Amino acid sequence: MKAFFEKVISGIITCSGFLTSIVIVLIIVFLFSEGFGLFSQKSIEDGYTLVVNKSNPVNELNADQINKVFDQDISNWKQLGGKDRPIKVFRFDDMLSYFSEKQLGKNYENAGKCINQLVETYPGLIGFVPKEFVQKDFKGKQLKDHHISFSETLFGKQWFPTATPAAQFGFLPLILGTIWVTFFAILFSLPFGLSVSIYLSEVASPKIRAFLKPIIELLNGIPSVVYGFFGLIVIVPLLQDIFHLPVGESGLAGSIVLAIMALPTIISVSEDAMQNCPREMREASLALGATQWQTIYKVVIPYSISGITSAIVLGIGRAFGETMAVLMVTGNAAVIPTSLTDPLRTIPATIAAELGEAPAGGPHYQSLFLLGIILFIMTMIVNWSVEYISSKNK
């Protein structure tokens, strides 16, 4: 009977492990299939096209060029490899500026002929119009459909997924914002975390250690939204007053909040690593005439360096994936940060803020999944680092 129950339990454990593995694989496959679907999408909004005069030598524009043209940052075709001719921008909403309602027809049945006439009349015109109004006998030229490329996405500097006529999915500001705020968070938290862990392990009495250690570990259980609320109410106004900023939401505020959140992990893991230092090594150092502080930084810390490094890497992992607290205090500006007081936006905050509003299956939706893949890869690198350091420590 006992052997039967053991086989049943073993089978249940095996099945649960197998099902869990299958679910994880399916999640990863779904994530990658949705994310990489972005590269099959066109820059121009679905159902629309760009039309130009037939004599225009330009055949294709990328998303950045299209938006600069329609924002009038580029005003001459020569800047795009065409003739020295001023660019005239036309949107379908401008039809009534050129034609009367009678000319267009009650249901815009003559809109195709009117667009044809406009393209013929203005050699420098570029029009953003619905494809249904481009007739078979169209005398102009449609620009080629430009597909979103990997380089435009990974190295693009503009994140504007709702822009028209061409959405821009530049990940560079989001990637740099994530790395920026994480780097300074660890830079702020490491000295404090290491100091507290040294105090708890080597200086504090057993009673003080027994009192403080549970409190520090309890800080890991506080929801991130509470940290974000604290940062929004306390840290943001304080930084605004100190640095005389127009708004206090910035990368510095995010770094400080993340540093506070990473402290419990760094302190707890580092203190455990120092506690594992053999008592004989401490006593041998003291017997040779070293002071307590010399023993700490010449014996205990070198012996515990792998554990301390693991604590740092785990702190980085906590900061990389944090969403709500960062969303509340960093300003959510998708720009490349140049100073600590600049607002920025991180990858997790972008996914959390925009996924609910992105139409399922569209380029915006797929770009957020691709951001999830990048975050997944960054987190995997951190986890591999932890595994390597932990195995080295063993």
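Treat the numbers as computed from the prediction; the structure is a model and nothing was measured.

Conventions adopted
Residues numbered from 1 in each chain as written. Predicted model: local features only at pLDDT ≥ 70, side-chain atom pairs only at ≥ 80, totals over all residues. Heavy atoms only, no water. Core = buried A, V, L, I, M, F, W, Y, C linked by side-chain atoms within 4.5 Å. Buried < 20%, exposed > 50% of the residue type's maximum accessible area, 1.4 Å probe, protein only. Helix = DSSP H or I, 4+ residues; strand = E, 2+ residues; numbered from the N terminus. Contact = heavy atoms within 4.5 Å. UniProt positions renumbered as here; feature names shortened; annotations may be inferred. Salt bridge = Lys/Arg side-chain N within 4 Å of Asp/Glu carboxyl O. 1 Å grid on protein atoms, 1.4 Å probe; cavity = no way out; pocket = protein on both sides within 12 Å on 5 of 7 lines; lining within 4 Å. Points joined across faces, edges and corners; volume = space filled by probe spheres on them. Nonpolar A, V, L, I, M, F, W, Y, C, P; charged D, E, K, R; others polar.

Student: Explain the nonpolar core here, please?
Tutor: Soluble globular proteins tend to pack their nonpolar side chains together in the buried interior. Residues Trp159, Phe169, Phe171, Ile347, Leu371 and Ile374 are the most contacted members of the largest nonpolar core, which totals 23 residues. Elements represented by at least two residues in this core include exactly α7 (172-203), α13 (305-321) and α16 (363-393). Sorting elements by how many residues they give to this core places α16 first, with ten residues. Excluding its chain neighbours within four sequence positions, the residues that come into contact with Leu371 are Trp159, Phe171, Leu174, Ile347, Thr350 and Ile351. Counting 17 residues, the second largest nonpolar core, distinct from the first, contains Val52, Phe70, Ile74 and Ile126.

Student: Please explain the UniProt feature "transmembrane region" (unreviewed entry) in the chain as it appears in this structure.
Tutor: On the UniProt side, "transmembrane region" (unreviewed entry) is annotated at positions that read residues 12-32, 179-200, 221-240, 252-274, 295-320 and 365-386 here. The span residues 179-200 is 100% helical and 0% strand by assignment, and the distance between its end C-alpha atoms comes to 30 Å. With 100% helix and 0% strand, the stretch residues 252-274 has end C-alpha atoms that lie 31 Å from each other.

Student: I'm lost on the pattern of salt bridges in this one. Help?
Tutor: Working definition: two side chains of opposite charge can pair if their charged atoms are close together. Taken as a whole and judged by the stated rule, the model has nine salt bridges. Lys213 serves as the salt-bridge partner of Glu217, at 3.6 Å between the closest nitrogen and oxygen. Taken together, the residues span about one helical turn, with Glu217 and Lys213 both in helix α8 (residues 206-218) at a distance of four residues. According to the relative accessible area criterion, Glu217 is partly exposed, its value standing at 37%. By relative accessible area, Lys213 is classed as buried at 16%. By sharing partners, the salt bridges in this structure join Lys213, Glu217, Glu271 and Asp272 into a single network.

Student: What is the right way to look at the side chain of Asn116 in this model?
Tutor: By secondary structure assignment, the location of Asn116 is in helix α5 (residues 111-121). With a relative accessible area of 7%, Asn116 lands in the buried category.

Student: Which parts of the structure should I look at to understand the layout of surface pockets?
Tutor: Unfilled space is identified by rolling a water-sized probe across the atoms. Its volume calculated, the largest pocket comes out at about 420 Å³. Together, 23 residues line the largest pocket, and Lys42, Ile44, Glu45, Asp46 and Pro363 are the ones closest to its centre. Per-element accounting of the lining of the largest pocket gives the leading share, three residues, to α16. Residues belonging to the lining of the largest pocket are distributed by class as follows: ten nonpolar, eight polar and five charged. Of the pockets and cavities examined, the second largest pocket occupies roughly 210 Å³. Ala63, Asp64, Glu152, Gly156 and Gln168 are the residues nearest the centre of the second largest pocket, which is lined by 14 residues in total.

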